[in-house]
Amino acid sequence: MAAVKQTVDQVASLEKYKHGFVSDIEQDFAPKGLNADIVRFISAKKNEPEWMLAWRLDAFERWLAMDEPDWAKVNFPRIDYQDSYYYAAPKEKVGIGSLDEVDPEILEVYKKLGIPLREQEVLAGVVGAPRYAVDAVFDSVSVVTTFKKELAQVGVIFCSMSEAIREHPELVKQYLGTVVPVSDNYFACLNAAVFSDGSFVYVPPGVRCPMELSTYFRINAENSGQFERTLIIADKASYVSYLEGCTAPMRDENQLHAAVVELVTMDDAEIKYSTVQNWYPGDPVTGKGGIYNFVTKRADCRGDRSKVSWTQVETGSSITWKYPSCILRGEGSSGEFYSIAITNGRQQADTGTKMIHLGANTRSRIISKGISAGRSSNTYRGLVSAHPKAKGARNFTQCDSLLIGKHCAAHTVPYIEARNGQAKFEHEATTTRLSEDQLFYAMQRGLSQEEAVQLLVNGFVKEVLQELPMEFAVEAQKLVAISLEGSVG
Amino acid sequence: MLSVSNLHATVGEAQILKGLTLEVPAGEVHAIMGPNGAGKSTLSYVLTGRQGYEVTEGGATLDGEDLLALEPNERAAKGLFLSFQYPLEIPGVPALTFIRTALNAQRKARSEKEITAPEFLKLARQKAAELKIDFEMLKRALNVGFSGGEKKRMEIFQMAMLSPRFLILDETDSGLDIDALRIVSDGVNALRSPDRAMLVITHYQRLLDYIKPDRVHVLAGGRIVASGGPELALELERDGYDRYAKAA
Amino acid sequence: MSVAAAIRTRDVGELPSRRDEDWRWTDLRGLIRVLPAPSESFAGTLAAGPFDRLAIDHHVLVNGGDARIDVAAGKKTLAALRLVSRGAGAHASRVTINLAAGARLRLLESYESDGASVCQTALTITLAEGAALERIVLAEDHEDAVSVSQAEVRLSPTSDFGQTIVTSGARRQRIETRASHPGGRASARMDGVYLLAGKRHADHTTVVTHDGVDGTTNQLIKGVARDQARGVFQGKIVVSEGADRTDARMGHHALILSDRAEVDAKPELEIYADDVSCAHGNTVGAMDEEALFYARQRGIPEAEARAMLTEAFIGQVIDRIWFEDARRVVRNWAAERLRV
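What you see is a predicted model; the values in this text were computed from it and never measured.

**Some points on the interface of chain B and chain C**
Next up, step 1: At the interface, 30 residues of chain B touch 19 residues of chain C.
Next up, step 2: Across the interface of chain B and chain C, roughly 2,000 Å² is buried in total on both sides, 64% from carbon and sulfur atoms.
Next up, step 3: For Arg50(B), the salt bridge identified is with Glu290(C), shortest N-O distance 3.8 Å.
Next up, step 4: Of all the secondary-structure elements, those providing two or more residues to the side of chain B that touches chain C are α1 (40-48), α2 (72-77), β6 (80-83), α3 (95-109) and α5 (148-162) of chain B.
Next up, step 5: It is α3(B) that contributes the most residues to the side of chain B that touches chain C, five residues altogether.

**Some details on unusual backbone geometry**
Next up, step 1: The backbone phi angle of Asn361(A) is positive, close to 55°, even though this residue is not glycine.
Next up, step 2: Take Asn361(A): it is sitting in the loop between β18 (348-357) and β19 (363-373).
Next up, step 3: Its relative accessible area of 40% is what places Asn361(A) among the partly exposed residues.
Next up, step 4: Positive phi, close to 50°, is recorded for Asp227(C), a residue that is not glycine.
Next up, step 5: Tracing the sequence through the fold places Asp227(C) in the loop between β13 (216-225) and β14 (230-239).

**Let's talk about α3(B)**
Next up, step 1: Between its first and last C-alpha atoms α3(B) spans 21 Å; for 15 residues at 1.5 Å apiece the expected length is 21 Å, and the two agree.
Next up, step 2: All of the buried residues in α3(B) are Ala95(B), Leu96(B), Phe98(B), Ile99(B), Thr101(B), Ala102(B), Leu103(B), Asn104(B), Ala105(B) and Gln106(B).
Next up, step 3: Where α3(B) is buried, its residues touch α2, α4 (117-130) and α5 of chain B together with α2 (289-297) and α3 (302-318) of chain C.
Next up, step 4: In the stretch just after α3(B), Ser111(B) is the one whose phi turns positive, near 55°.

**Examining the nonpolar core**
Next up, step 1: Leu2(B), Leu20(B), Phe98(B), Leu138(B), Phe157(B), Phe166(B) and Leu199(B) are the most contacted members of the largest nonpolar core, which has 114 residues in total.
Next up, step 2: It is α3(C) that contributes the most residues to this core, eight residues altogether.
Next up, step 3: Beyond its immediate chain neighbours, meaning those up to four positions away, Leu199(B) contacts Leu2(B), Leu22(B), Val24(B), His30(B), Ile32(B), Leu43(B), Leu47(B), Phe166(B), Leu167(B), Ile168(B) and Leu169(B).
Next up, step 4: Among the nonpolar cores identified, the runner-up in size contains 65 residues, and Leu151(A), Tyr242(A), Trp310(A) and Phe425(A) belong to it.

**So, the interface of chain A and chain C**
Next up, step 1: The partner chain C presents 35 residues to the 32 residues of chain A that form the contact.
Next up, step 2: Summed over both sides, the interface of chain A with chain C buries roughly 2,700 Å², with 43% coming from carbon and sulfur.
Next up, step 3: The largest per-residue losses of area from chain A upon contact with chain C belong to Lys406(A), Tyr415(A) and Ile416(A), which jointly make up 19% of the total buried on that side.
Next up, step 4: Counting across the chain A and chain C interface gives six salt bridges.

**A closer look at the packing of α3(B) against α5(B)**
Residue and element names in this part refer to chain B.
Next up, step 1: The contact between α3 and α5 brings their axes to 10 Å, and the two run at 35°. The hand of the α3/α5 crossing is right-handed. Along its contact with α3, which presents Ala 95, Phe 98, Ile 99, Ala 102, Leu 103 and Gln 106, the element α5 presents Met 154, Phe 157, Gln 158, Met 161 and Leu 162.

**Describing the sheet that holds strand β2 (residues 14-24) of chain B**
Sheet strands pair by backbone hydrogen bonding; their relative direction is either parallel or antiparallel.
Residues and elements named next belong to chain B.
Next up, step 1: The four strands are arranged β2-β1-β4-β5 in an open sheet whose pairing can be described as antiparallel. Two strands lie at the open edges of the sheet, namely β2 and β5 (65-66), each paired on one side alone.
Next up, step 2: Examined bridge by bridge, strand β1 (residues 2-11) and β2 share eight bridges and lie antiparallel to one another. Pairing of Leu 2 across the sheet is with Val 24, part of β2.
Next up, step 3: Where α1 meets the sheet, its contacts fall on β1, β2 and β4 (53-62), and the angle it forms with β1 comes to roughly 105°.

**Side note on the pairing of strand β15 (residues 246-256) of chain C**
Residues and elements named next belong to chain C.
Next up, step 1: Taken across its eleven residues, β15 has eight buried, putting it largely inside the fold.
Next up, step 2: The sheet contact formed by β13 and β15 spans ten bridges and is parallel. Looking at the pairing, Ile 221 lines up with His 252 of β15.

**Looking at the side chain of Asn73(B)**
Next up, step 1: Considering the arrangement of structural elements, one finds Asn73(B) in helix α2.
Next up, step 2: Excluding anything up to four places from it in sequence, Asn73(B) contacts Arg296(C), Gly299(C), Ile300(C), Pro301(C) and Glu302(C).

**Section: the pattern of salt bridges**
Next up, step 1: Evaluation of the coordinates by the stated rule reveals 64 salt bridges over all chains.
Next up, step 2: For Arg329(A), the salt bridge is made with Asp300(A), and the minimal N-O distance between the two is 3.1 Å. One end of the pair, Arg329(A), is in the loop between β16 (325-328) and β17 (334-343); the other, Asp300(A), is in strand β13 (residues 290-301), with 29 residues separating them in the sequence.
Next up, step 3: Arg329(A) sits in the partly exposed class, given a relative accessible area of 42%.
Next up, step 4: Residue Glu155(B) pairs with Arg298(C) through a salt bridge whose shortest N-O separation is 2.9 Å. In this pair, Glu155(B) is assigned in helix α5 and Arg298(C) in the loop between α2 and α3, connecting two distinct chains. Grouping residues by exposure puts Glu155(B) and Arg298(C) together as buried.
Next up, step 5: One salt-bridge network, in which partners are shared between bridges, spans Glu417(A), Arg419(A), Glu21(C), Arg24(C), Arg230(C), Lys236(C), Glu262(C), Asp264(C), Lys266(C), Glu268(C) and Glu270(C).

**With respect to the sheet that holds strand β9 (residues 215-220) of chain B**
All names here are of chain B.
Next up, step 1: Read from one edge to the other, the open sheet built from six strands follows the order β6-β7-β8-β3-β9-β10, with strand pairing classed as mixed. Each edge of the sheet is formed by a strand with only one pairing partner; in this case those strands are β6 and β10 (223-228). Averaged over all pairs of adjacent strands, the angle between strand axes in this sheet comes to 20°, irrespective of strand direction.

**Overview of α2(C)**
Residues and elements named next belong to chain C.
Next up, step 1: When you tally the buried positions in α2, you get seven out of nine residues, the bulk of the element.
Next up, step 2: With a side-chain oxygen lying 3.0 Å from the backbone nitrogen of Glu 290, the N-terminal cap of α2 falls on Asp 288.
Next up, step 3: The first or second residue beyond α2 is Gly 299, which carries a positive phi of 105°.

**Quick notes on the packing of aromatic side chains**
Next up, step 1: Considering all chains together, one arrives at 17 aromatic pairs over all chains under this definition.
Next up, step 2: Centre to centre, the rings of Tyr415(A) and Trp25(C) are 6.1 Å apart; their planes meet at 75°, and the pair counts as edge-to-face. Of this pair, Tyr415(A) sits in strand β22 (residues 409-418) while Trp25(C) sits in the loop between α1 (3-9) and β1 (57-62), each in a different chain.
Next up, step 3: Given a relative accessible area of 8%, Tyr415(A) falls into the buried group.

**Side note on the packing of α3(C) against helix α4 (residues 324-338) of chain C**
All names here are of chain C.
Next up, step 1: Packing of α3 against α4 brings their axes to within 10 Å, and their N-to-C directions diverge by 150°. Relative to α4, the element α3 lies roughly antiparallel. As for how α3 packs across α4, the hand of that crossing is right-handed. For the pair formed by α3 and α4, the contact residues are Ala 307, Thr 310, Glu 311, Ile 314 and Ile 318 on the first element and Arg 327, Val 330, Arg 331, Ala 334, Ala 335 and Leu 338 on the second.
Next up, step 2: Taken together, the residues that form the contact of α3 with α4 break down as seven nonpolar, one polar and three charged.

**Focus on the confidence of the model for chain A**
Residue and element names in this part refer to chain A.
Next up, step 1: For chain A, the mean per-residue pLDDT works out to 80, and 78% of the residues sit at or above 70.
Next up, step 2: Of all the helices and strands in chain A, helix α1 (residues 8-13) carries the lowest mean pLDDT, 31, while β16 carries the highest, 96.
Next up, step 3: Note on residues 93-97: pLDDT is under 50 here. Beyond four places in sequence and across chains, it has seven contacts.

Calculation criteria
- Residues numbered from 1 in each chain as written.
- Chains lettered and ligands numbered in written order.
- Predicted model: local features only at pLDDT ≥ 70, side-chain atom pairs only at ≥ 80, totals over all residues.
- Heavy atoms only, no water.
- Contact = heavy atoms within 4.5 Å.
- Buried area = accessible area lost by both parts, 1.4 Å probe.
- Salt bridge = Lys/Arg side-chain N within 4 Å of Asp/Glu carboxyl O.
- Helix = DSSP H or I, 4+ residues; strand = E, 2+ residues; numbered from the N terminus.
- Buried < 20%, exposed > 50% of the residue type's maximum accessible area, 1.4 Å probe, protein only.
- Expected span 1.5 Å × (residues − 1).
- Core = buried A, V, L, I, M, F, W, Y, C linked by side-chain atoms within 4.5 Å.
- Axes fitted to C-alpha atoms, helices over the stretch in contact; angles between N-to-C directions.
- Left-handed = near helix turned anticlockwise from the far one by under 90°.
- Pairing = 2+ DSSP bridges.
- Polar contact = N/O pair within 3.5 Å; in protein donor to acceptor, adjacent residues only side chain to side chain.
- Phe/Tyr/Trp six-rings, centres within 6.5 Å; stacked < 30°, edge-to-face > 60°.
- Parallel < 35°, antiparallel > 145°, perpendicular 65-115°, else oblique.
- Nonpolar A, V, L, I, M, F, W, Y, C, P; charged D, E, K, R; others polar.
- pLDDT = per-residue confidence, 0-100.

Structure follows, in structure tokens:
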């Protein structure tokens, strides 16, 4: 068994990265390495229909012909794709929705992470407290999805991707790979070949999803990659708010997380997608270990007046490389991107968004707050483009970077392409350090240096935190503080 | 002078004016009061010809001449002046250059002779002094970095320089302290004459203490719902717009 | 791979293409199928250049060649530098400019082509301590010309470098300035204006690298694109580790005055020091309709109001030219092109 034993006491002693514990859970692994047989193995493990296997094998063929990209401002040793496990699942066969059959160790993991998997735990709170449904993905598989019945009553489908492929093949076939094509990029292509699980959401026309949906991703196994795939479809005039959270144990070797998220909005529909990403960032001094977070997230605003809003709080991972984007195809559709990216220690982040205005009167708004500390590097990279037909397209971008310390780096790389005379793009960016005057002012009033930094940083990121669902905003604010511990002084 | 009949106008998809009728004879000052969103600013933009304000029915004439068929600058040359609620900043164009360009364009449109530079400067100095405007300010880019009060004073200065026949004051009192309000009102009152008329658009009665109207109209729901003498403004100040909002 | 090498070897494979990140919006390989033969030497007489009447020293390169301008310590001069292309050949020019300590130079540079030439100019400009250089560039290329100008500027502490590049574009045109900035109270101004019509293209690319403490850079680029023209701005400010108290501002603002014109911009900051104040702003769009309406409400006809507002928009860059006589030449040049 690959998992390393660690006690709960050790967990409590982990100050910096409190989700760094490893759980000893019996698991099934696919043999190490990557070839067409592994792809077949994954597909067979999940009892997939023939068309799905064909899709995966096609992706694998294409992937073999592609080269790893190198344009981002990140540095890392070449990844050995043969030295990783592409499938890891808890051993017990998990009955969908039957929580009692889930390995108690797994339940313990989620309890430690503060994720409610028992519906009554959520309900036990104060009457009127916000409720949210959870899909828990543990390494390669979804272990449980809560509140499915209640959601089904209003027609909302919320289940694991594996289940969707079996139970809703017509929807999966219709939408999978239509936003992020199989060979879109190197990592998305790899994902298409070996993706293990993820969440699937379909909200029918006119339905406002009655609760927040969320997926909680956990990488546990050693030497394993996680390749989840999420697909959310908001049909006409529907609304859904979705949140994903991610953690992983502290390990010395790097683990690859190459997810794909596809969102589709039809006429008048809206998806609000929030991410709190706290994968293990690696050792703050040596930079050893940590997750490579190479993710492709894209929304296709197909319908007129449809809307997608991405909010992300990126504090973890040793390398983050992601650009949640919006294709604004529908007339009057709009896209938003709110981001907080914090790097400390030896972390590297290259993140931003693409707002591609294709339809008339489309709108987009980008608010990005980057904070670099330690010896980290933090890059905002973004594209705003208006095509000749996108008359009346509007974009506003505000892109601020804060530097804490002498050895970190902050970069801003916006691309702006206006291809018609009726588009209006505005972009502002600033790079500054934490103001000593403000720090002194706060400390003179009695705050410690750490408290003062926290206070000022909270002010800096407030605009983005406000976009998160309330209960997560509080959590995210704590995360911001933890991520910057030890960065001053 | 100004005659508006059964005016209907849309902004985008929204119908804002729904059959507005109004007569303002030469020599008179009329006030238009009304709740927020009644269509007060829309009326001023429709009369001056702003893009995006679509007239769907009805008409408006100035001295019998159809206003709606004219370009904004042609209406200005006919003597129609709008004092903007939020005057625009024009970076890179000194106020004096802007006003002289406008004055000569209007004169040209009326087949009058252009004003000479010395004549123009003399006039500008005189009017600036009357309005207590620092002449140096007129050399700066128009309205750029000016306070709210300075911008409003600059509107009145342009009004004095261009000497229009029909004046529309759109919320001219907003953002003004008492001293500025007095200076601005004095400037406006100085322009009162038997061959000029004014339409004073305001939410509050306060401005009408300084610029005394002959008639007061209540605009609600896109139409004039009540008209009366100056006492109507006082009544509105006391009782609010609720009664009229309902009537609309 | 470089434009100069392509001209020398006549190998189009040497030309940069849109696959090169730095040339993504100024593709030369996709445009030029065959490089023209080397330009012949020119024997005719030239008409006056745009700055002839202002300059004391005159340097004229027709269809390539080398030029050198040296200004001795504490001396001051006013030089016109004309880079002229006659005919449809290919050629490269090299210009070396040295300012000794405390020297001052006003450099009035012009690019003048009259046909489908392909030309490249490499300038190496060095400023010693306390030197001051104002470089004013007027690029009046032919609509069929392909023109690339690449300047390397080395500043020293306490030197002042200011440039204003004014261009009406070409079939494809790139004007590039790479400045190494030592800080030490040296300052760099990197301004530019592009006024493009027809199918013309102009690319302003600048990179300023701050390597020492207490440096300032200020940049304002404004452009107007009409018809099917394309304006490109790539500005990059790098602040190296330790280059504290760097103050760098970059602004790029463009008006697109037709449905089919295009403006591409990449204002980039690459910062490795924490005690800095850097900012950039970028706006692209149509003319402000509210300002236009305001001017028309005061009686100014539409065409005149548009010209007035466009001139004022561009004028904010021209006003930053220190040398008043050159400012006047540039302002008239711009007005002629805007009042159409």
